[in-house]
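# Residue-level structural notes
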Amino acid sequence: MAPFPRYAIYYVSAPGTDLDRFGAQLLGYDAFSGEDLPFPDGIMQMTPDWHDLTRDPRKYGFHATLKAPLSLAHGKTEGELLAACEKFADASRPIPVITPVVDSISGFIAVVSAEPSAALERLAADCVREFDSLRAPLTSGDRARRNPSALTPRQCEHLDRWGYPYVMADFRFHMTLTGRLAAERREPVMMMLRNRFSAVGLKTLAIDRIALCRQERPDSPFRIVNHWKLRIEDTSDKKRHRNYR
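Since this is a predicted model, take the numbers as computed values, not measurements. (Residues numbered from 1 in each chain as written. Predicted model: local features only at pLDDT ≥ 70, side-chain atom pairs only at ≥ 80, totals over all residues. Heavy atoms only, no water.)

### Examining the side chain of aspartate 142
Here aspartate 142 shows up in helix 7 (residues 140–145). Judged by its relative accessible area of 16%, aspartate 142 falls in the buried class. Reaching out from aspartate 142, the side chain makes a polar contact with the side chain of arginine 145 at a distance of 2.7 Å. (Helix = DSSP H or I, 4+ residues; strand = E, 2+ residues; numbered from the N terminus. Buried < 20%, exposed > 50% of the residue type's maximum accessible area, 1.4 Å probe, protein only. Polar contact = N/O pair within 3.5 Å; in protein donor to acceptor, adjacent residues only side chain to side chain.)

Okay, structure coming up:
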């Protein structure tokens, strides 16, 4: 098993925002404070096994993965990872803006992007590449737990190169709300979550921050160590630069 603590770099909504509260309350866990939360009113009456349905995503907090959980390479420190996150956030870049919707992905339900976003795919790929020098190689046990026989050849290549199969062309933005559901459960749970998400009134979502999260032990949840707002690319400066060339 990989050594602990483990770290991950996620997109998270800013603390206290409607989206942050929506996800944290549904999962029953706040990754900013590390506290368990009561589920929203009425959800246990509608879905009595909600605690079980959200067990898997609860330990990660409400997030979208940009750099999957990793152990630090030999000689690397948490301080170096924090500094790398700060440097990454301070590099100006286009900020992806998506239309968030609730949908099914690989059998579980999540907030996803309504359509593909090239800017979001670039951001995720940049995260995968730029933090990889801090990542310890996968152990044979961790690789086996990814069940390589069920992956495509390209996903196996990703797993061996980047430590995670669902990167680059296989990346799909998702903020998970449930574990995998049997087909007969999926539709009613998804409709319930879509109704709750519509009440948030979120028409667009800027993927404008990263968070460094830490898991102390295999049985402990991830908690946010720090988070940074991404620096927005100044397009007016680029236009002026092109005009003066």
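### Digging into the pattern of salt bridges
For the coordinates displayed, the defined rule picks out 17 salt bridges. Two residues, arginine 214 and glutamate 78, come together in a salt bridge whose shortest N-O distance is 2.6 Å. Within this pair, whereas arginine 214 is found in strand 10 (residues 209–215), its partner glutamate 78 is found in helix 5 (residues 78–90), the two being separated by 136 residues in sequence. Put simply, aspartate 132 and arginine 135 hold a salt bridge, and the shortest N to O gap is 2.7 Å. We note that aspartate 132, like arginine 135, is buried. (Salt bridge = Lys/Arg side-chain N within 4 Å of Asp/Glu carboxyl O.)

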